[in-house]
Amino acid sequence: MSSCHLSLAKPEFYTQNFRVETPESLPEAVLTPRRMGLIIVNAAAESSAALLGRTFTDPEEGAPALPVERVLVPASFGLVPHWVKSASDGRLRALKLVNAKIDNLTTGTAFRDAWLAGQRCIVPLQSFQVDDLRPGKPLPTRITRVDNQPMGAAGVWARWVGEDGEVIVSYALITINANAHALMNRYGQPGNDKAMPAILNEGAYDAWLNAKVNKAKEFLRPYPAEKLRANPVEKGRKQPPQQW
């Protein structure tokens, strides 16, 4: 549905809006499949231990749950499932695994393991891009918040390790149905269900990262249409070439 999004417009947004340290190296401005972006994970979660090179210790019985510890992790856009046989196979698959439909999280082979393992993340983004097909010719359109603040999109991440030790950390944006959304129902193929990234409520970031798997879908709701706006992408603006 959306294979392009923009990184945060200002470095200070990472600290101000997401309570993570500003990264030493900022990601590329425009993120298309297989380009490197940044995701936020819960460093205190068991699922993140291998990702961060940490050893996870279970809390003692009866002890309160560990508080969420948000950290930024570099990751490529487009999921590379842990079970692919080679890096080249994974990179090819990543082109089509940029969006994880909510209905496929527990049934689709590409996303199921990551979802059931609690490998959820927040994807900080300034905007995401869709094609407006109503004029007849696709018109790239950028969706932003009306107040120009960044958004935290729900995502899933995966860590692939090759036989030679190569590691690929990747992510996909979770998408939800937008048929009844006053803004996002305008975009997508005519006659098909409409979809949009699951933009998280700003006050629910920690709860999303720390939720039990059977409760996590409760956070995946349409972002209010009145808080979003759509603008055509400037003519002549070219997308950067894909890497890898």
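Residues numbered from 1 in each chain as written. Predicted model: local features only at pLDDT ≥ 70, side-chain atom pairs only at ≥ 80, totals over all residues. Heavy atoms only, no water.

Novice: What should I look at first to understand the nonpolar core in this one?
Specialist: As a rule of thumb, soluble globular proteins bury nonpolar side chains together. In this structure, Ile39, Leu105, Phe111, Tyr171, Met184, Trp208 and Leu220 are the most contacted members of the largest nonpolar core, which totals 61 residues. For this core, the elements supplying multiple residues, two or more each, are helix 1 (13–18), strand 3 (36–42), strand 4 (70–77), strand 6 (120–125), strand 7 (127–132), strand 9 (151–161), strand 10 (167–177) and helix 5 (205–210). When neighbours within four sequence positions are excluded, leucine 220 is seen to be in contact with Ile102, Leu105, Trp115, Ala154, Ile174, Ile176, Ala198 and Trp208. Counting residues in hydrophobic clusters, the runner-up holds 6 residues, among them Val84, Ala87, Ala94 and Ile168. (Core = buried A, V, L, I, M, F, W, Y, C linked by side-chain atoms within 4.5 Å. Buried < 20%, exposed > 50% of the residue type's maximum accessible area, 1.4 Å probe, protein only. Helix = DSSP H or I, 4+ residues; strand = E, 2+ residues; numbered from the N terminus. Contact = heavy atoms within 4.5 Å.)

Novice: Explanation requested: the pairing of strand 10 in the structure shown.
Specialist: Counting buried positions over the 11 residues of strand 10 gives 9, a clear majority of the element. Sheet analysis places strand 4 next to strand 10, joined by 2 bridges and oriented parallel. Within strand 10, the position partnered with serine 76 by the bridge is serine 170. With 3 bridges joining them, strand 5 (residues 99–101) and strand 10 adopt parallel strand pairing. Of the residues in strand 10, the one forming a bridge with lysine 101 is threonine 175. Inspection of the sheet shows strand 9 paired to strand 10 by 7 bridges, in the antiparallel sense. (Pairing = 2+ DSSP bridges.)

Novice: It is not clear to me how the pattern of salt bridges should be interpreted in this structure. Could you clarify?
Specialist: Working definition: two side chains of opposite charge can pair if their charged atoms are close together. Counted under the stated rule, the structure contains 10 salt bridges. Where aspartate 206 meets arginine 19, a salt bridge forms, and the shortest distance between an N and an O atom there is 3.2 Å. Linking aspartate 206 in helix 5 with arginine 19 in the loop between helix 1 and strand 2 (30–31), this pair joins segments that are 187 residues apart in sequence. By sharing partners, the salt bridges in this structure join Arg19, Arg70 and Asp206 into a single network. (Salt bridge = Lys/Arg side-chain N within 4 Å of Asp/Glu carboxyl O.)

Novice: Looking at this model, I keep getting lost on the environment of threonine 15. Mind explaining?
Specialist: If you trace the backbone, threonine 15 turns up in helix 1. Assessed through its relative accessible area of 42%, threonine 15 is described here as partly exposed.

Novice: Is there a simple way to explain the pairing of strand 4 in this structure?
Specialist: Buried residues dominate strand 4, accounting for 6 of its 8 residues. By the bridge criterion, 7 bridges tie strand 3 to strand 4 in an arrangement that is antiparallel. Paired with isoleucine 40 across the two strands is leucine 72, which belongs to strand 4.

Novice: Explain helix 3 (residues 87–94) here, please?
Specialist: For an α-helix the count is 3.6 residues per turn, leaving residues at separations of three or four pointing the same way. Every buried residue of helix 3 is accounted for by Ala87, Gly90 and Ala94. End-on view of helix 3: buried residues confined to an arc of 60°, all on one side of the axis. Looking at the packing, one finds that the buried side of helix 3 touches strand 9 and strand 10. (Arc of directions from axis to C-beta.)

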